[in-house]
Amino acid sequence: MPRTDVTVTRSELESIAANARRLQIDVDELRERYRAERDRRFNPRGSGQFHPIAATNEYSRFDRDPWAPEIEPRPPMTETLDVLIIGGGFGGLGAATRLVKAGIDNLRVVEVAADFGGTWYWNRYPGVRCDIESYIYLPFLEETGFVPADKYSTGGEILEYCRLLGRTFGIYDKAVFQTRVVGIEWLNAEQRYRVATDRGDTFLARFVITQSGIFSRPQLPGIPGIDDFEGDSFHTSRWDYDVTGGDATGSLDRLVGRRVGIIGTGATGVQVIPQLARAADRVIVFQRTPTYIAPRGNGPTDRESFAALAPGWQQQWIDTFDRITTLLDGLNCPINDGWTAFGRHQAAALQEIGSRLDPDARAAALEASDLAWNQELRNWVDRTVHDPHKAAVLKAYYRTHCKRPGFSDEYLEAFNSPNLTVLDVSATPIDRITPKGVVVGDTEYELDVLIHATGFDLGHTWTERAGYDVVGRNGTRLSERWRTGSVAFHGLLARDFPNMFFMGVTQTSGTPNFAGLLVQQAVHIAHLLEHMRRHGSTTIEVEQAAQDEWQRMVLERAAPRAAALAECTPGYFNNEGEPGKTSVLGPNRFAPAVELYQLLAKWREDGRFEGVRIAGPEPRAASSGEPLPDGTD
Ligand code: NDP
């Protein structure tokens, strides 16, 4: 395995773990503090506080595609397909590659962007990099033979890799870019879906696979006056290099002499802020909640060791990563990063109590070790940031998995620059945005550039975020069916929506390595469609009882996480402090991921397809993909 860690930072991670093990923690005091910090940030408007950015709403100007501002003209298409795939990120690309490999190639990929890449198409902000090791994040490395340059790939490398997948598996020929699905309807007589797009296309597809993305709809903060600002302003996922100069590697030369404000200190803000500090005259970070920062330890791939890895290594690594991060063991995990360091730290706490079965003892041990880990990360802030006031503001107070942790060797260090100010806007929130800048309390902070690093819409329903509704059997609308949360057998199939596969985080699983989940879903779907093709079957639908049982099992498995999330500081993991309501990443999931993968694999091997009804062939069409009788081909 390529040991790529930078020695200094790797030992920092180890010393954080070692120190945390020695720390004496006052659990009650910290609990109290965490509660107070959570309450201070709770906004009764919940997810409703944000303004989602959409091509069709008042914030559409923030949605402009900076990478392909012009729409390539083309005539509308009318096609009959075996499979229509919505989304050209890792989900859609993964499904397409598995299907093409299985010989199912009468398919189309419809994508809003002008190329493949999904999240990595849009997010090209300065400093963009993956925060999961590229060796387990980039799918199908063993098949493509691609060797990531570094332990953590740049966004540019990931985007290029998506293009490579598109070229290697011939998916470009099947792609329709700059096209947005606007509606999907099941045609019972034809046993197909009619899919309409904003380019006037009509696709008649036997099967639809959708991965409309979880980070696909950016959002602005719910602060009045966003439109009043007279300087330059944009969202990080639509970075405006005309304003900043430079590129994704930095060198933002047009910020020289300018005053820049940035709202948001999540995973994106953590990567962007050091780049801004290097270039701009003055940078003000408006921070509501700090992110925990652990060392990153990036470094180049050791190509020799990489080449020597035994076949099957990638899935094995993905699985051990998921095992250690969900405390199922995996202590032999070859990955040495902040995720696994925390996992090992928690596992050590469990080993100390000597019993993994007593739930109360287990919960107490995990809490104490979590709080100690948190404390040691706060100590790291003190050791790194020289100004005690700044250090105090940058310290986080919530349990580790309340929010996505950050990994950076430059973020905290950047706050030692005198041009970088951090303002705590948790107790006194940003009041408004004016033509000149941002008002907090009695002070107006004048700015030339205002950047929104305020994340993505995860608080609305599936259909709102996707931007289209699906009309299934008997006129059933997905918007209605999933009004309070998605329900999907194996996270993929929903009753009354035959032949439609929902990829992503429906009722699947949570893992920091989201790409690994998408691969498993692609494998599963391809297996089903291959089986159906062999048997000439035309429809697949989950049985009601199986879906109900899945729902019950998911909620049961998610109960401990749901309880923990209720205690968490608000964020998209807990639906901004309201985990009981619809929550994309919250309690509505089958955990741990690796157990979901095993369950799916066993179900496939078993071959009985229990819980789903596979039917056909129908009398009217000899095989899927044939022209329909009405000649719409
Ligand atoms: P997040 O949702 O994580 O962060 C949004 C930020 O905006 C938070 O700090 C939030 O504060 C802040 N915010 C929102 N409204 C206001 C307001 N009114 N006033 C002040 N602050 C406000 O979005 P990101 O884009 O940072 O990250 C989204 C996800 O994308 C990540 O969690 C990660 O999964 C993924 N990602 C992955 C990367 C990778 O390397 N693989 C890199 C970047 C992103 P508060 O917390 O208080 O709500």
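Scroll up to find the structure.
Bear in mind that the values here come from a model prediction, so they are computed numbers and not experimental data. (Residues numbered from 1 in each chain as written. Predicted model: local features only at pLDDT ≥ 70, side-chain atom pairs only at ≥ 80, totals over all residues. Heavy atoms only, no water.)

Chemist: Could you give an account of the nonpolar core, naming the residues involved and the relevant values?
Modeler: Of all hydrophobic cores here, the largest spans 127 residues; its most connected members are Phe90, Ile209, Leu276, Phe501 and Leu529. When residues in this core are grouped by element, the largest group, 11 residues, is from helix α18 (residues 514-535). Discounting chain neighbours no more than four positions away, the residues touching Phe90 are Trp120, Tyr137, Leu138, Pro139, Ile158, Tyr161, Cys162, Leu165, Ala515 and Leu518. (Core = buried A, V, L, I, M, F, W, Y, C linked by side-chain atoms within 4.5 Å. Buried < 20%, exposed > 50% of the residue type's maximum accessible area, 1.4 Å probe, protein only. Helix = DSSP H or I, 4+ residues; strand = E, 2+ residues; numbered from the N terminus. Contact = heavy atoms within 4.5 Å.)

Chemist: Kindly report on the site of the ligand, identifying the contributing residues and their values.
Modeler: Around the ligand, a shell composed of 26 residues is seen, among which Arg129, Thr268, Thr289, Lys403 and Tyr572 lie nearest. The contact in question runs from an oxygen atom of the ligand to an N or O atom on the backbone of Thr265, over 2.9 Å. Relative to its unbound accessible area of 910 Å², the ligand is 89% covered by the protein chains. Here the shell around the ligand gets 3 residues from one element, more than from any other, and that element is helix α9 (residues 267-279). (Near = heavy atom within 4 Å. Polar contact = N/O pair within 3.5 Å; in protein donor to acceptor, adjacent residues only side chain to side chain. Areas by Shrake-Rupley, 256 points an atom, 1.4 Å probe, with all protein chains shown as cover.)

Chemist: So what's going on with the sheet that holds strand β17 (residues 443-446)? Which residues, and what values?
Modeler: With antiparallel pairing, 3 strands are arranged side by side in an open sheet as β15-β16-β17. With one partner strand each, in any of the chains shown, β15 (430-433) and β17 form the two edges of the open sheet. In this sheet, neighbouring strand axes are inclined to one another by 25° on average, regardless of whether the strands run parallel or antiparallel. Strand direction decides the pairing type here: β15 and strand β16 (residues 437-440), joined by 3 bridges, are antiparallel. Note on β16: the bridge partner recorded for Arg432 is Val439. (Pairing = 2+ DSSP bridges. Axes fitted to C-alpha atoms, helices over the stretch in contact; angles between N-to-C directions.)

Chemist: Tell me what's going on with the sheet that holds strand β11 (residues 282-287), and back it up with residues and numbers.
Modeler: As summarised here, the arrangement of the 5 strands in space is β9-β18-β10-β11-β14, forming an open sheet in which the pairing is parallel. Edge positions in the sheet fall to β9 (232-235) and β14 (420-424), since each has one partner strand and no second. For this sheet, the mean inter-axis angle between neighbouring strands, taken without regard to orientation, is 15°. Sheet strands in contact with α9 are β10 (259-263), β11, β14 and β18 (449-452), and its direction is about 170° off that of β10.

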